[in-house]
Amino acid sequence: MPQTWMITGANRGIGLALTMELLRRGDHVIAAARDPWGGALAELAGVHVGQLTPLELDVTSDESVAAAKRALAGRPLDVLVNNAGIYGPRDRQSAFDMDFDAWREVFEVNVYAPIRVVQAFLPHVEAGQGRKIATISSRMGSIGANPGNALIYRSSKSAVNMAMVVFGNAVRERAISVMLFHPGWVQTDMGGSGADITPAESANGLIRTIDASGMAETNSFRDYTGEAIAW
Ligand code: NAP
């Protein structure tokens, strides 16, 4: 039975790889992106007719999320994936030099937006069979790893972990599983060409792990292979 997945940031990187793999195996994908009609998504929509629904969505905008919700009215979702994310400036996010405007912007995308999206689309997830919400966090958000550098990015991923655990506890009694994932170090615009794995490897692992997960895994923080990561 095909499932319906909604992916934010579906137009490139890990989001696009998730979209491609899900379409290949016959699932339906709501491909949410700021520009869902151009580039790779336009090509995929032409090949997988009826399987891909482009959805215009800027995750930082209340208006955009409200319009996307109207566009999806009555459509149940089995799995909702918060994937859209940004890293912030590579040079000015250290203990001694901080770009505060950039820090706010990264929190808008990586922390506030995932909660805005799950609040808006919760009724769609409740109407579906899968009842899963996955957020692509990062191992870089692990406080237990006692990290250095990348203060903006790391703090945003630690914050989204906590935000989603609070959300997960709130929806536990509705039997919705809320999970956090590190996708691996992935060859994307963000990860760079020297990263460990391809977007397809990350997407395949994430899909396999999400498929095999349910309420027993709610409020877990794991990598794309399903291995637990220290908070
Ligand atoms: P990417 O190639 O840079 O793609 C980022 C995606 O997020 C793009 O689709 C981008 O859309 C979208 N996005 C950014 N701001 C948005 C907004 N306001 N509204 C809607 N979409 C927005 O990054 P990636 O490597 O695929 O990363 C995906 C996720 O994995 C992120 O959450 C990232 O933090 C996480 N992650 C990545 C790695 C890695 O090694 N790559 C490791 C750990 C975690 P536009 O094209 O419109 O900008």
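Criteria and cut-off values
Residues numbered from 1 in each chain as written. Predicted model: local features only at pLDDT ≥ 70, side-chain atom pairs only at ≥ 80, totals over all residues. Heavy atoms only, no water. Helix = DSSP H or I, 4+ residues; strand = E, 2+ residues; numbered from the N terminus. Rg over C-alpha atoms; globule rule 2.2 N^0.38 Å. Buried < 20%, exposed > 50% of the residue type's maximum accessible area, 1.4 Å probe, protein only. Contact = heavy atoms within 4.5 Å. Axes fitted to C-alpha atoms, helices over the stretch in contact; angles between N-to-C directions. Parallel < 35°, antiparallel > 145°, perpendicular 65-115°, else oblique. Left-handed = near helix turned anticlockwise from the far one by under 90°. Nonpolar A, V, L, I, M, F, W, Y, C, P; charged D, E, K, R; others polar. Pairing = 2+ DSSP bridges. Salt bridge = Lys/Arg side-chain N within 4 Å of Asp/Glu carboxyl O.

Let us now look at the overall build of the protein. Across its full length, the protein holds six helices and seven strands. The N-to-C order of helical and strand elements in the protein reads β-α-β-α-β-α-β-α-β-α-β-α-β. The C-alpha radius of gyration of the protein comes to 17 Å, within 12% of the 17 Å expected for a compact globule of 231 residues. Oriented by its inertia axes, the alpha-carbon framework of the protein measures out at about 50 × 40 × 35 Å. Relative to its full complement of 231 residues, the protein shows a buried share of 52%. Considering only intrachain contacts with a sequence separation of at least 6, the fraction spanning at least 24 residues in the protein is 68%.

Right, let's get into the packing of helix H4 (residues 100–127) against helix H5 (residues 151–171). Helix-helix packing is characterised by the crossing angle of the two axes and by the distance between the axes. At a closest axis distance of 9 Å, the pairing of H4 and H5 adopts a crossing angle of 20°. The angle between the axes of H4 and H5 places the two elements in the roughly parallel class. The two elements H4 and H5 cross, and the hand of that crossing is right-handed. Residues Ala102, Trp103, Val106, Phe107, Asn110, Val111, Pro114, Ile115, Val118 and Leu122 of H4 lie in contact with H5, whose contacting residues are Leu151, Ile152, Tyr153, Ser155, Ser156, Lys157, Ala159, Val160, Ala163, Met164, Phe167 and Val171. When grouped by side-chain class, the residues that make up the contact of H4 with H5 number 18 nonpolar, three polar and one charged.

Turning to the pairing of strand S7 (residues 220–223), a few remarks are in order. Covered by surrounding structure in S7 are Ser220 and Arg222 together with Phe221 and Asp223, the residues of both alternating faces. Sheet analysis places strand S6 (residues 177–182) next to S7, joined by four bridges and oriented parallel. Residue Met179 lies in a different strand from S7, and its bridge partner there is Ser220.

Moving on, we get to the pattern of salt bridges. Once the charged atoms of two side chains with opposite charge are near each other, the side chains can pair. Counted by the stated rule, this structure contains nine salt bridges. Across the pair Asp27 and Arg25 runs a salt bridge whose closest N-O atoms are separated by 2.9 Å. For Asp27, a relative accessible area of 5% corresponds to the buried category. The class for Arg25 is partly exposed, based on a relative accessible area of 34%. In the salt-bridge network here, residues are joined through shared partners; they are Arg25, Asp27 and Asp211.

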